[in-house]
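# A structural walkthrough
Residues per chain, in single letters:
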Amino acid sequence: MNQLIAPSLLAADFGHVADEVAMVNGSNADWLHLDVMDGVFVPNISFGFPVLEAVSKLSTKPLDVHLMIVQPERYVRQVQALGTYMMTVHYEACTHLHRTLFEIHEAGMKAGVALNPSTPVSMLKDVIEDIDMVLVMTVNPGFGGQKFIEHSLDKVREARELIASSGSQALVEVDGGVTLTTAPRLIEAGVNVLVTGSTVFRASNPSQMISTLKEL
Ligand code: DX5
Ligand code: ZN
C-alpha cells in the first residue's frame, strides 16, 4: 500500500484558504489534516470551530482532525458534526483515554491517539486494540516548520511492533518535519500516513509535491 498523504492546513495561506483547500481537493492527497490548538496544551492557538466548519464544507477529502487541546472529550460531538473521518486526541491530554476512545467510536469516527516526543509508545499497550491510528509526533506539537526529531524513527518501529503484537489494524501517522529527506526514512520504518505542512504549502507547486510524496 502506498503511504497516505495528509497536508496540514496550518501551513496554508489563510487569506486564501478556499483556494488552498481547492488545491488539496484537486491533488492526490488522501486526507486533509486540521490542527486545533488551544494555547493551553500547546503554546500556540490555531483555529476553532467557525473556521473548521467553513473548511469542512469546502473539503472533498476526509478530515483528519488533530486536537492539541486539553479535555478533547468535551468536543466529540462538535468534531463529529464536521463530518470528521479521524479524530485524534493526545495521550497526554486524556485522563480517561479508554472512555474517550469509546465515545469517539460511538460517534461514528475513527479514533487516533497522538504521542508527544517525550511519551513512550508503551503507554498505549492497554488501549492499542481500541485505536485506529497512532500519531507519532516527530516534533513537539504547537508549530509548523520545526526540525524533525531523529528518535522518532525508533518510535515508529516500536509502534509498528506494538500494533503487530496485538493483532490491531491501526495505522501509524507522523506529523512534523516531514520532508523529501525524512519521508523515505519514515516510510521504511513503517509509517502509513505522512502529515506535511510546510513541505507542501511552501513548495512552488504544492499539488506536484503531494504527488511526489505519494510516489516515494
Ligand atoms: C504541529 C502540527 C503539524 C504541523 C506540521 O504541531 O501538528 O501538523 O502543521 O508542520 P510541518 O510539516 O511544517 O512540520
Ligand atoms: Zn498535526
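One can find the structure itself at the top, above this paragraph.
What this report covers is the structure whose coordinates are included nearby. Owing to the predicted nature of the structure, the values given are computational and were not obtained by experimental measurement.

### Considerations on the coordination of the zinc ion (ligand 2)
- Taken together, the protein donors to the zinc ion (ligand 2) comprise His 33 (NE2), Asp 35 (OD), His 66 (ND1) and Asp 175 (OD), at separations of 2.0 to 2.3 Å.
- Around the zinc ion (ligand 2), the six donor atoms sit at angles spanning 66 to 166°, and that spread fits a shape best called octahedral.
- The sequence motif formed by the donor residues of the zinc ion (ligand 2) is H-x1-D-x30-H-x108-D. Residue His 33 is located in strand 2 (residues 32-37), and its partner His 66 is located in strand 3 (residues 63-68); the two are separated by 33 residues in the primary sequence. As far as burial versus exposure is concerned, His 33 and His 66 are alike and both buried.

### Brief notes about helix 8 (residues 206-214)
- Among the residues of helix 8, those classed as buried are Pro 206, Met 209, Ile 210, Ser 211, Leu 213 and Lys 214.
- Residues of helix 8 that are buried make contact with strand 1 (4-7), helix 1 (17-25), helix 6 (182-189), strand 8 (193-196) and helix 7 (198-201).

### A look at the site of ligand 1
- Taken together, 19 residues surround ligand 1, and among them Asp 35, Gly 142, Asp 175, Gly 197 and Ser 198 come closest.
- Note that an oxygen atom of ligand 1 is positioned 2.9 Å from one of the side-chain N or O atoms of Ser 8.
- With respect to ligand 1, the backbone of Gly 142 contributes an N or O atom lying 2.7 Å from an oxygen atom.
- For the shell around ligand 1, the elements supplying multiple residues, two or more each, are strand 2, strand 3 and strand 8.
- Ranked by the residues each element gives to the shell around ligand 1, the list is headed by strand 2, at three residues.
- Looking at the shell around ligand 1 residue by residue, the class counts come to six nonpolar, eleven polar and two charged.

### Focus: the pairing of strand 2
- Here strand 2 lies mainly inside the structure; six of its six residues are buried.
- What you see with strand 2 is no split at all: Leu 32, Leu 34 and Val 36 on one side and His 33, Asp 35 and Met 37 on the other are buried throughout.

### Some thoughts on the pairing of strand 5 (residues 110-115)
- A large share of strand 5 lies buried, amounting to five of its six residues.
- With five bridges joining them, strand 4 (residues 86-90) and strand 5 adopt parallel strand pairing. Residue Thr 88 lies in a different strand from strand 5, and its bridge partner there is Gly 112.
- At this point the chain moves from strand 4, through helix 4 (residues 97-106), to the parallel strand 5, and the crossover so formed is right-handed.
- Across four bridges, the pairing between strand 5 and strand 6 (residues 133-137) is parallel. Each residue of the ladder has a partner; that of Val 113, found in strand 6, is Val 134.

What counts and how
Residues numbered from 1 in each chain as written. Chains lettered and ligands numbered in written order. Predicted model: local features only at pLDDT ≥ 70, side-chain atom pairs only at ≥ 80, totals over all residues. Heavy atoms only, no water. Donors = N, O, S within 2.8 Å, 3.2 Å for Na, K, Ca; no water. Tetrahedral: all angles 85-135°; square planar, octahedral: opposite > 155°, others 65-115°. Helix = DSSP H or I, 4+ residues; strand = E, 2+ residues; numbered from the N terminus. Buried < 20%, exposed > 50% of the residue type's maximum accessible area, 1.4 Å probe, protein only. Contact = heavy atoms within 4.5 Å. Near = heavy atom within 4 Å. Polar contact = N/O pair within 3.5 Å; in protein donor to acceptor, adjacent residues only side chain to side chain. Nonpolar A, V, L, I, M, F, W, Y, C, P; charged D, E, K, R; others polar. Pairing = 2+ DSSP bridges. Right-handed = clockwise from strand over helix to strand, strands pointing away.

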